[in-house]
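# Coordinates in review
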Amino acid sequence: MSVVASYINNIVSGVKSTLVGMRITGKYFLKKPITVQYPDERLPIPNRYRGIHYLEQEKCINCLACARACPVDCIEMDAVRHGKELEWVKFTIDYQKCMFCELCVYPCPKDCIHMGNEFAFVTTDRSELHHDLLSYKGMSREARIRKREAEEKKKKKAAAKAAKAAKEAQAAETEGDPPQPTEGEA
Ligand code: SF4
Ligand code: SF4
């Protein structure tokens with residue numbers, strides 16, 4: 001093969017291999033980009049994704065069923081009961097231990113603990129992985145109102161009962177009095 005023919009052959013071979021190499025690039029070049037600018041943009045998360053838990057605190061009755069079901073004992077909770085109302089102290093999950101198995105969700109009688117779709121939990125401080133699910137501490141405003149109304153009702157009931165007892169005692173006293181002498185008898 002002459003030098004010129006070899007030269008042309010090399011050029012053709014170079015162009016051909018470049019085209020083969022660029023075939024996949026060209027295919028994706030024409031498609032819509034799938035890269036998202038996380039964290040400003042996020043891909044949709046499947047409905048059954050098991051992310052960081054969330055609690056519907058108003059529905060929770062502090063029954064401990066979720067904590068008992070947890071295989072790694074990472075749920076802790078504390079609340080003070082005032083009659084039917086709860087004063088919340090804590091409801092924590094230790095995400096250093098949690099394995100996102102969802103076993104705490106199924107036994108809940110009130111269906112109030114759920115696996116959320118939040119997953120970003122980056123920290124350099126391990127104590128922050130001990131996460132409190134409470135959205136408020138103490139009693140909710142509604143619970144405080146309900147408690148106050150129940151107490152007022154109780155007080156009214158007790159006062160009515162005391163008044164009734166006093167009335168009955170007075171009536172008994174009047175019935176027991178000796179008859180007063182009339183003028184002619186005196
Ligand atoms: S997801 Fe599993 S490990 Fe995590 S708190 Fe619930 S039961 Fe425990
Ligand atoms: S099982 Fe449900 S109701 Fe009971 S303490 Fe856990 S979250 Fe609350």
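What follows deals with the overall build of the protein. A count of helical and extended segments in the protein gives 3 helices and 5 strands. Counted from the first residue to the last, the protein has its helices and strands arranged as α-β-α-β-β-β-β-α. Here the C-alpha radius of gyration of the protein, 38 Å, is well above what a compact globule of 186 residues would show, namely 16 Å. A principal-axis box enclosing the C-alpha atoms of the protein has dimensions of 165 × 35 × 30 Å. Taken across its 186 residues, the protein has 6% of its residues classed as buried. The long-range share in the protein, meaning contacts at least 24 apart out of those at least 6 apart in sequence, stands at 74%.

All right, on to the pairing of strand 3 (residues 85-94) then. Bridging between strand 2 (residues 75-82) and strand 3 involves 8 bridges; their strand directions are antiparallel. Across the sheet, H82 pairs through a bridge with E85, a residue of strand 3. Linking strand 2 back to strand 3 in an antiparallel pair, the connection comprises 2 residues, with G83 at a positive phi of about 65°.

Attention now moves to the environment of I8. Within the fold, I8 resides in helix 1 (residues 3-29). Separated by 50 residues in the primary sequence, I8 and E58 have C-alpha atoms spaced 80 Å apart.

Attention shifts here to the site of ligand 2. In the vicinity of ligand 2, the contacting residues are C60, I61, N62, C63, L64, A65, C66, C108, P109, K110, C112 and I113. When its residues are assigned to classes, the shell around ligand 2 shows 10 nonpolar, 1 polar and 1 charged.

To continue, consider the confidence of the model for the protein. Mean pLDDT for the protein: 91, with 94% of residues reaching 70 or above. Ranking the elements of the protein by mean pLDDT puts helix 3 (residues 141-176) last, at 91, and helix 2 (residues 65-69) first, at 98.

Strand order in this open sheet of 3 strands is 2-3-5, and the pairing throughout is antiparallel. Only two strands of the sheet have a single neighbouring strand rather than two, namely strand 2 and strand 5 (130-132). Strand-to-strand, the axes of this sheet are offset by a mean angle of 15°, without reference to chain direction.

Here we take up the nonpolar core. Membership of the largest hydrophobic core is limited to 11 residues, which are L55, C60, C66, I75, M77, A79, W88, F91, I93, C104 and I113. Of all elements in the fold, only strand 2 and strand 3 reach the threshold of two or more residues within this core. Discounting chain neighbours no more than four positions away, the residues touching C66 are I75, C104, P107, C108 and I113.

Another point: helix 1. Between its terminal C-alpha atoms helix 1 stretches 38 Å, which fits the 39 Å expected from 27 residues at 1.5 Å a residue. Maximal helix bending in helix 1 amounts to about 40°, located at R23. Among the 27 residues that make up helix 1, 0 are buried, leaving the element largely open to the surroundings.

Time to look at the site of ligand 1. The immediate surroundings of ligand 1 are formed by 13 residues, with C70, C98, C101, L103 and C104 found nearest. Residues of the shell around ligand 1, tallied by class, amount to 12 nonpolar, no polar and 1 charged.

With respect to the helices and strands, I113 occurs in strand 4 (residues 113-115). Its 25 C-beta neighbours within 10 Å are what place I113 among the buried residues. Along the backbone, I113 and Y54 are 59 residues apart, and their C-alpha atoms lie at a distance of 6.0 Å. Filtering out sequence-adjacent residues up to four positions away, I113 remains in contact with H53, L55, C66, C104, V105 and C108.

Our focus in this paragraph is unusual backbone geometry. Trans peptide bonds make up the majority, and among non-glycine residues the majority have a negative phi. A cis amide bond links Y38 with the next residue in sequence, P39, at an omega value of 5°. Residue position: P39 is located in the loop between helix 1 and strand 1 (53-55). Positioned with a positive phi, N62 is a non-glycine residue whose angle comes to about 60°. By secondary structure assignment, the location of N62 is in the loop between strand 1 and helix 2.

Cut-offs and rules
Residues numbered from 1 in each chain as written. Chains lettered and ligands numbered in written order. Predicted model: local features only at pLDDT ≥ 70, side-chain atom pairs only at ≥ 80, totals over all residues. Helix = DSSP H or I, 4+ residues; strand = E, 2+ residues; numbered from the N terminus. Rg over C-alpha atoms; globule rule 2.2 N^0.38 Å. Buried ≥ 20, exposed ≤ 12 C-beta atoms within 10 Å, placed from the backbone. Contact = placed C-beta atoms within 7 Å. Pairing = 2+ DSSP bridges. Near = placed C-beta within 6 Å. Nonpolar A, V, L, I, M, F, W, Y, C, P; charged D, E, K, R; others polar. pLDDT = per-residue confidence, 0-100. Axes fitted to C-alpha atoms, helices over the stretch in contact; angles between N-to-C directions. Core = buried A, V, L, I, M, F, W, Y, C linked by C-beta atoms within 7 Å. Expected span 1.5 Å × (residues − 1). Bend = angle between axes of the 7 residues up to and from the residue.

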